[in-house]
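Coordinate inspection notes
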Amino acid sequence: MASPFQAVADGVRVAVRVTPKASADKVRGVVLDEAGVAWLQVAVTAVPEDGRANKAVVALLAKRWRVPKSTVEVVQGATDRRKTLLVRSEDPGGLAARLDAWLTDEGLAVTG
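Source: prediction; values computed, not measured.

This part covers the side chain of T71. Its location among the elements puts T71 in the loop between α1 (52–65) and β5 (72–76). In this structure the side chain of T71 is engaged in a polar contact, spanning 2.7 Å, whose partner is the backbone oxygen of P68.

Attention shifts here to the environment of L60. Mapped onto the elements, L60 comes out in helix α1. For the pair L60 and A38, spaced 22 residues apart in sequence, the C-alpha separation works out to 19 Å.

This part takes up the packing of aromatic side chains. Per the stated rule, a full pass over the model turns up 2 aromatic pairs. Between the aromatic rings of F5 and W65, the centroid separation amounts to 5.8 Å while the plane-to-plane angle is 75°, which identifies the pairing as edge-to-face. Here F5 is found in strand β1 (residues 5–8), whereas its partner W65 is found in helix α1, with 60 residues between them in sequence. With respect to burial, F5 and W65 carry one shared label: buried. Taking the centre distance of 5.8 Å and the plane angle of 90° together, the rings of W65 and W102 count as edge-to-face. You can see W65 sitting in helix α1 and its partner W102 sitting in helix α2 (residues 92–106), a full 37 residues away along the chain. W102 gets classed as buried once you look at its relative accessible area, which sits at 10%. Ring pairing ties together the aromatic residues F5, W65 and W102, which thus form one cluster.

Attention shifts here to the nonpolar core. Formed by 30 residues in total, the largest nonpolar core has its most connected members in V14, L40, L61 and W65. Residue contributions to this core peak at 8 residues, all from α1.

Given a rise of 1.5 Å per residue, 14 residues ought to cover 20 Å, and the 20 Å separating the end C-alpha atoms of α1 matches this to within 8%. For α1, every residue scored as buried is listed here: A53, N54, A56, V57, V58, L60, L61, A62 and W65. Taken from the residues just after α1, R66 is the one with a positive phi, measuring 55°.

Across the 6 residues that make up strand β4 (residues 38–43), a large majority, 5, are buried. In this sheet, β4 lies alongside strand β2 (residues 11–19) in parallel orientation, the contact comprising 4 bridges. Bridge assignment links T19 to a residue of β4, and that residue is A43. Bridging between strand β3 (residues 26–32) and β4 involves 6 bridges; their strand directions are antiparallel. Each residue of the ladder has a partner; that of V27, found in β4, is V42. Where β3 folds back onto β4 in an antiparallel hairpin, the turn is made up of 5 residues, including G36, whose phi is positive at roughly 85°.

The rules behind the values
Along every chain, residues carry numbers that run from 1 in the direction the sequence is written. In view of the model being predicted, local features appear only for residues whose pLDDT reaches at least 70, and side-chain atom pairs are presented and counted only at 80 or more, with totals across whole chains, interfaces and linings using the full set of residues. To obtain the side-chain values, all non-hydrogen atoms of the structure were used and water was disregarded. For helices the rule is a DSSP run of H or I covering at least 4 residues; for strands it is a run of E covering at least 2, with both sets numbered from the N terminus onward. Whenever two N or O atoms come within 3.5 Å, that pair is a polar contact, provided that in protein one can donate a hydrogen and the other can accept it, and provided that, for residues adjacent in sequence, both atoms are side-chain atoms. Here a pair means two rings of Phe, Tyr or Trp (six-membered ring of Trp) with centres within 6.5 Å. Their orientation is stacked below 30 degrees between planes, edge-to-face above 60, and tilted elsewhere. Under the scheme applied here, a residue whose accessible area is under 20% of the maximum for its type counts as buried, over 50% as exposed, and between as partly exposed, the area being computed with a 1.4 Å probe on protein chains only. What we call a nonpolar core is a set of buried Ala, Val, Leu, Ile, Met, Phe, Trp, Tyr and Cys residues that are connected through their side-chain atoms within 4.5 Å. Expected span, for any helix, means 1.5 Å times one less than how many residues it has. What makes two strands pair is DSSP finding at least two bridges between them.

Here's what the structure looks like:
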């Protein structure tokens with residue numbers, strides 16, 4: 001299964017595609033782009049101004065993943081719909097496995 005999660009030295013990188021100004025804050029699932037890269041689709045009600053949508057994405061995912069908000073940050077694509085987040089962790093491999101299991105448990109399968 002293609003995964004938007006990649007374990008790196010200081011945590012897990014997460015490929016996220018954000019839809020701002022949505023009707024509700026929710027994780028929609030995983031989609032593959034033209035290049036076969038898996039992106040976690042996230043919708044937030046916040047507007048993409050002054051970093052509000054980014055803060056909403058961090059808050060939503062931190063809550064869903066049960067990690068402190070302070071460990072989640074946007075490291076690439078702050079003003080783009082496609083972003084890379086870093087979830088800092090002492091055990092990147094364990095966290096990546098837990099997040100992959102979360103995808104399966106939530107029924108957020110990869111769609112084309």
